[in-house]
Amino acid sequence: MEVNPQVNRMRPGKIVTIAAILLIVVLVAFNSFASVQYGHIGLYKTFGKLNNNMLSPGIHLKIPFIQTVIQVNTQVTKAETDTSASSKDLQPVSTHVAVNYSVNKDSAYNLMNNIGGNFDSIIINPAIQEIVKEVTAKYPAEDLITRRDVVAGEISDLLTKRLAKYDLIVNDINIVNFKFSDAFDQSIEAKQVAQQQALKAENDLRRVEIEAKQKVAQAQAEAESLRLKKQEVTPELVQLKQIEVQEKALEKWNGVLPSVTGGATPFIDIDSLSKK
């Protein structure tokens, strides 16, 4: 049986054609779908132009090779910035600020169409640096340390108003660190030491005053007690005490008078004893 050679020559060509058709179908099918991740909003981009039809997370159809889907992260994102400025008393201060922000879902198209995907470096970081410099210039260096919560609150308020113009939401702001010059740090440390010493001296003075008051109170109590005792001493009590002393001495006397006498009055009143 003879095989038509013309048929044999066409067979490889058909295979290539079929393979090419299948490849095109697969590519078209593959490029007909786009996935939007969780926590993102999708936007159609057709020939470089954005469509304001926002896509929720999931699988979406698109025109193959003509449309693409860009994704905008609407989750809370952190932006960290270092800023150098001067305080009100002209102390150099470096501030490290961390800002948590998010994109307003309903306005993602406006943000991407007007600013673009690099809005963090175009809008957020410059705004943080400008506002931090503005606020730190209002406070003396020591107040930046002792009133950090107030400073952070003022920065947050100004930054919230600034970023709201671009449909960005400020969720939270933290001043991670204030860094001053070595000379200023040493002066702060010396001041703290002086304050501690002054507090110790004040406590010592209070302790001495309390001890002195206690001693005065004790002396007053003793004086009052002595005064009351003196009020109890009467002539009759004195005479009675003298008699008691003489009686005790008589009890101990052996009946022999002293062999040597002088001009002193005998310690026993014989007349008073004879009257008894």
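**Student:** Give me the overall build of the protein: which residues, what numbers.
**Tutor:** When helices and strands are counted, the protein shows 8 helices and 8 strands. Within the protein, the fraction of its 276 residues that count as buried is 23%. For the protein, the proportion of contacts with a sequence separation of at least 24, taken over those separated by at least 6, is 65%. Accessible surface for the protein amounts to roughly 19,700 Å². Of this, 56% is attributable to carbon and sulfur atoms.

**Student:** Lay out the pattern of salt bridges with the relevant residues and their values.
**Tutor:** For the structure on display, the rule yields 2 salt bridges. As a salt-bridge pair, Lys 138 and Glu 154 come within 2.8 Å of each other at their nearest N and O atoms. With Lys 138 in the loop between α3 (119-136) and α4 (141-146) and Glu 154 in helix α5 (residues 148-164), this pair connects stretches of sequence that are 16 residues apart.

**Student:** Which residues make up the sheet that holds strand β2 (residues 40-46), and what are the values?
**Tutor:** Paired through their backbone hydrogen bonds, the strands of a sheet run either parallel or antiparallel. With respect to topology, 3 strands assemble into an open sheet ordered β3-β2-β5, the strand pairing being antiparallel. Only two strands of the sheet have a single partner each, and these edge strands are β3 (49-55) and β5 (67-73). If you compare each strand with its neighbour and ignore which way they point, the axes differ by 30 degrees on average. Both β2 and β5 contribute to a ladder of 7 bridges, which runs antiparallel. The partner of Leu 43 across the bridge, within β5, is Ile 70.

**Student:** Break down the nonpolar core for me, with residues and values.
**Tutor:** Judged by nonpolar contacts, the single largest core of 35 residues is most densely connected at Phe 119, Ile 124, Val 151, Ile 155, Leu 159, Leu 163 and Leu 168. If you list the elements that add at least two residues to this core, you get β2, β7 (92-103), α2 (108-114), α3, α4, α5 and β8 (168-180). The element best represented in this core is α3, accounting for 8 residues. In contact with Ile 124, other than residues within four places in its own chain, are Ala 79, Tyr 101, Phe 119, Leu 163 and Leu 168. In terms of nonpolar packing, the next biggest core, distinct from the first, is built from 5 residues, Ala 34, Val 36, Leu 55 and Val 69 among them.

**Student:** Break down the packing of α3 against α5 for me, citing the residues and quoting the values.
**Tutor:** Packing of α3 against α5 leaves a shortest axis separation of 10 Å and a crossing angle of 140 degrees. Compared by their axis directions, α3 and α5 come out oblique. The way α3 lies across α5 gives a crossing that is right-handed. Of the residues in α5, those touching α3 at Ile 123, Ile 124, Ala 127, Ile 128, Glu 130, Ile 131, Val 132, Glu 134 and Val 135 are Val 151, Glu 154, Ile 155, Leu 158, Leu 159, Arg 162 and Leu 163. In terms of residue class, the contact of α3 with α5 is built from 12 nonpolar, no polar and 4 charged.

**Student:** Break down α3 for me, with residues and values.
**Tutor:** Relative to the 26 Å expected for 18 residues at 1.5 Å per residue, α3 spans 25 Å between its end C-alpha atoms, a close match to the ideal helical length. The secondary structure elements touched by the buried residues of α3 are β6 (77-86), β7, α2, α4, α5 and β8.

**Student:** Go over the side chain of His 60, please, and point to the residues and values.
**Tutor:** Secondary-structure assignment places His 60 in strand β4 (residues 58-61). Discounting residues that sit within four places of it in the chain, His 60 has contacts with Ser 32, Phe 33, Ala 34, Val 36, Tyr 44 and Leu 55.

**Student:** Give me the lowdown on the side chain of His 40, citing residues and values where you can.
**Tutor:** Along the chain, His 40 turns up in strand β2. Of the polar contacts made by the side chain of His 40, one reaches the backbone oxygen of Tyr 38; its length is 3.1 Å. For His 40, the contacting residues outside a window of four places in its chain are Leu 55, Pro 57, Gln 71, Val 72, Asn 73 and Thr 74.

Cut-offs applied
Starting from 1, residues in each chain are numbered consecutively following that chain's sequence as written. It should be noted that, the model being predicted, local features are given only for residues of pLDDT at least 70 and side-chain atom pairs only at 80 or more, the latter also being counted only at that level, while totals for whole chains, interfaces and linings use all residues. The side-chain figures draw on all heavy atoms in the structure; neither hydrogens nor water molecules are used. Helix and strand labels come from DSSP, where a helix needs a run of H or I of at least four residues and a strand needs a run of E of at least two; each type is numbered from the N terminus. Type-normalised accessible area, obtained with a 1.4 Å probe on protein chains alone, sets the label of each residue: buried when under 20%, exposed when over 50%, and partly exposed for intermediate values. The contact criterion used throughout is that any non-hydrogen atoms of two residues lie within 4.5 Å. Shrake-Rupley sampling with a 1.4 Å probe provides the accessible areas, and residues are treated as covered by the protein chains on show and by no other component. Take a side-chain nitrogen of Lys or Arg and a carboxyl oxygen of Asp or Glu: if they are within 4 Å of each other, that pair is a salt bridge. One requirement defines pairing of two strands: DSSP has to find at least two bridges between them. Under this scheme, a helix contributes an axis fitted over its contacting stretch, all axes are lines through C-alpha atoms, and angles between N-to-C directions fall in the 0 to 180 degree range. Only buried Ala, Val, Leu, Ile, Met, Phe, Trp, Tyr and Cys residues count toward a nonpolar core, and they belong to the same one when joined by side-chain atoms within 4.5 Å. Working definition: roughly parallel below 35 degrees, roughly antiparallel above 145 degrees, roughly perpendicular at 65 to 115 degrees, and oblique for all remaining angles. Should the near helix be turned anticlockwise from the far one by less than a right angle, the crossing is termed left-handed; should it be turned clockwise, right-handed. Polar here means any residue other than Ala, Val, Leu, Ile, Met, Phe, Trp, Tyr, Cys and Pro, which are nonpolar, and Asp, Glu, Lys and Arg, which are charged; Gly is therefore polar. Between the first and last residue of a helix there are one fewer steps than residues, each counted as 1.5 Å, and that sum is the expected span. Think of a polar contact as two N or O atoms within 3.5 Å of one another; within protein, one of them needs to be a possible hydrogen donor and the other a possible acceptor, and neighboring residues in sequence only count if both atoms come from side chains.

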